[in-house]
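# Residue-level structure breakdown
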Amino acid sequence: DTGVSQNPRHKITKRGQNVTFRCDPISEHNRLYWYRQTLGQGPEFLTYFQNEAQLEKSRLLSDRFSAERPKGSFSTLEIQRTEQGDSAMYLCASRPPTGSNSPLHFGNGTRLTVT
Amino acid sequence: DAKTTQPNSMESNEEEPVHLPCNHSTISGTDYIHWYRQLPSQGPEYVIHGLTSNVNNRMASLAIAEDRKSSTLILHRATLRDAAVYYCILRDSEKSSGDKLTFGTGTRLAVRP
């Protein structure tokens, strides 16, 4: 168990550029979640997958955001035409299929700065 | 979703016990109480969860009030490494919405050496 891996750890981009983040969940974890966290706030739910199916999307996920998990393993989160308000920590989590109360395992996030 | 209320911040001395309170007066019968913590520059980390009975694990203890409207996370001997933001979260085990966690702003715990 190597934990949830997120890449890159940091990303600085100019407003209007597109960015893509990657999340590698713990193997055999079929559920994968994306959260966003701004300074001083708790993480906010964005979307989650069960295997390759995207089951729920938050209203926070505007049409500039898209998440995929094509083979039910790793996932990508893309932000198009970035805005300064997109600056945040983007967190990924995964959990196993067994037990409705099994804990979420979080990665250490990708910190996005839009200049 | 039922809400939780936590103090914004608390302080503790190293090697002393810490009691972190959480109020959840609108908790439903199928809500489990979960605690996560977030160390600086890291993602949240699971600590403990419970339904009605008090729970213990290697990290902490969870004391749940008899009416379930409040709970307390207990760190038996705080260390400097326990300085973090602690989140108390209700998770409905029977609804699909319970599959995601809804975080509040948590309690920032400072530990004095």
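A few points on the structure. (Residues numbered from 1 in each chain as written. Chains lettered and ligands numbered in written order. Predicted model: local features only at pLDDT ≥ 70, side-chain atom pairs only at ≥ 80, totals over all residues. Heavy atoms only, no water.)

## Remarks on the state of the cysteines
The tally for this structure, following the rule as stated, stands at 2 disulfides over all chains. For A:Cys23, the disulfide goes to A:Cys92, at an S-S distance of 1.8 Å. Since a negative S-S torsion denotes a left-handed disulfide, the A:Cys23-A:Cys92 link at about -70° is left-handed. Placement of A:Cys23 in strand E3 (residues 19-24) and of A:Cys92 in strand E9 (residues 88-95) is noted, with a sequence separation of 69 residues between them. On the basis of relative accessibility, which here comes to 0%, the residue A:Cys23 falls in the buried class. Since its relative accessible area comes to 0%, A:Cys92 is described here as buried. Across a sulfur-sulfur distance of 2.1 Å, B:Cys22 and B:Cys88 are joined as a disulfide pair. (Disulfide = S-S within 2.5 Å. Helix = DSSP H or I, 4+ residues; strand = E, 2+ residues; numbered from the N terminus. Buried < 20%, exposed > 50% of the residue type's maximum accessible area, 1.4 Å probe, protein only.)

## What to know about the interface of chain B and chain A
Taken residue by residue, the interface counts 20 residues in chain B and 22 residues in chain A. In this assembly, chain B packs against chain A so that about 1700 Å² is buried in total across both faces, 48% of it on carbon and sulfur atoms. Where chain B packs against chain A, one counts 1 salt bridge. Across the pair A:Glu56 and B:Lys100 runs a salt bridge whose closest N-O atoms are separated by 2.8 Å. One can count 9 residue pairs in polar contact (both at pLDDT 80 or more) joining chain B with chain A. Broken down by secondary-structure element, the contributors of at least two residues to the side of chain B that touches chain A are strand E3 (31-38), strand E4 (45-50) and strand E8 (84-92) of chain B. The greatest single-element share of the side of chain B that touches chain A, amounting to 4 residues, is contributed by E3(B). Along the lines of polarity and charge, the residues of the side of chain B that touches chain A split into 7 nonpolar, 10 polar and 3 charged. (Contact = heavy atoms within 4.5 Å. Buried area = accessible area lost by both parts, 1.4 Å probe. Salt bridge = Lys/Arg side-chain N within 4 Å of Asp/Glu carboxyl O. Polar contact = N/O pair within 3.5 Å; in protein donor to acceptor, adjacent residues only side chain to side chain. Nonpolar A, V, L, I, M, F, W, Y, C, P; charged D, E, K, R; others polar.)

## Digging into the nonpolar core
Counting residues in hydrophobic clusters, the biggest one holds 21 residues, and the most contacted among them are B:Leu20, B:Ile33, B:Trp35, B:Leu73, B:Leu75, B:Tyr86 and B:Leu109. By residue number, the principal contributor to this core is E8(B), which donates 4 residues. In this structure, B:Leu75 is in contact with B:Glu16, B:Pro17, B:Val18, B:Met59, B:Ala60, B:Asp82, B:Tyr86 and B:Leu109, ignoring residues within four places of it in sequence. Counting 19 residues, the second-largest nonpolar core is a separate cluster that includes A:Leu32, A:Leu46, A:Leu61 and A:Ala88. (Core = buried A, V, L, I, M, F, W, Y, C linked by side-chain atoms within 4.5 Å.)

## Observations concerning the sheet that holds strand E9 (residues 107-112) of chain B
All names here are of chain B. Sheet architecture is open: 5 strands sit in the order E1-E9-E8-E3-E4, paired in mixed fashion. Every other strand in the sheet has two partners, leaving strand E1 (9-13) and E4 as the edge strands with one partner each. Sheet twist, expressed as the mean angle between neighbouring strand axes with direction ignored, is 25°. As defined by bridge partners, E3 adjoins E8 across 8 bridges and the pair is classed as antiparallel. If you follow Ile33 over to E8, its bridge partner there is Leu90. (Pairing = 2+ DSSP bridges. Axes fitted to C-alpha atoms, helices over the stretch in contact; angles between N-to-C directions.)

## Structural notes on the pairing of E3(B)
Residues and elements named next belong to chain B. Of all 8 residues in E3, 7 are buried, a share of seventy percent or more. Both E3 and E4 contribute to a ladder of 5 bridges, which runs antiparallel. Pairing of Ile33 across the sheet is with Gly50, part of E4. A loop of 6 residues connects E3 with E4, the two strands running antiparallel in sequence, and Ser41 in this loop sits at a positive phi of about 65°.

## Regarding the side chain of B:Thr107
All names here are of chain B. Turning to its location among the elements, Thr107 is positioned in strand E9. Engagement of the side chain of Thr107 in a polar contact is seen with the backbone oxygen of Pro7, the distance being 2.6 Å. With residues near it in sequence (within four places) discarded, Thr107 still touches Gln6, Pro7, Asn8, Ser9, Met10, Leu20, Ala84, Val85 and Tyr86.

## Things to note about the pattern of salt bridges
Inspection of every chain in the model, using the stated rule, returns 8 salt bridges over all chains. Of the charged contacts, one joins A:Asp86 and A:Arg64 as a salt bridge, the two residues approaching to 2.8 Å between their closest N and O atoms. You can see A:Asp86 sitting in the loop between strand E8 (75-79) and E9 and its partner A:Arg64 sitting in the loop between strand E6 (53-57) and strand E7 (65-68), a full 22 residues away along the chain. Using a relative accessible area of 10% as the deciding quantity, one classes A:Arg64 as buried. Between B:Arg37 and B:Glu45 there is a salt bridge, with the nearest N and O atoms lying 2.9 Å from each other. The class for B:Arg37 is buried, based on a relative accessible area of 5%.

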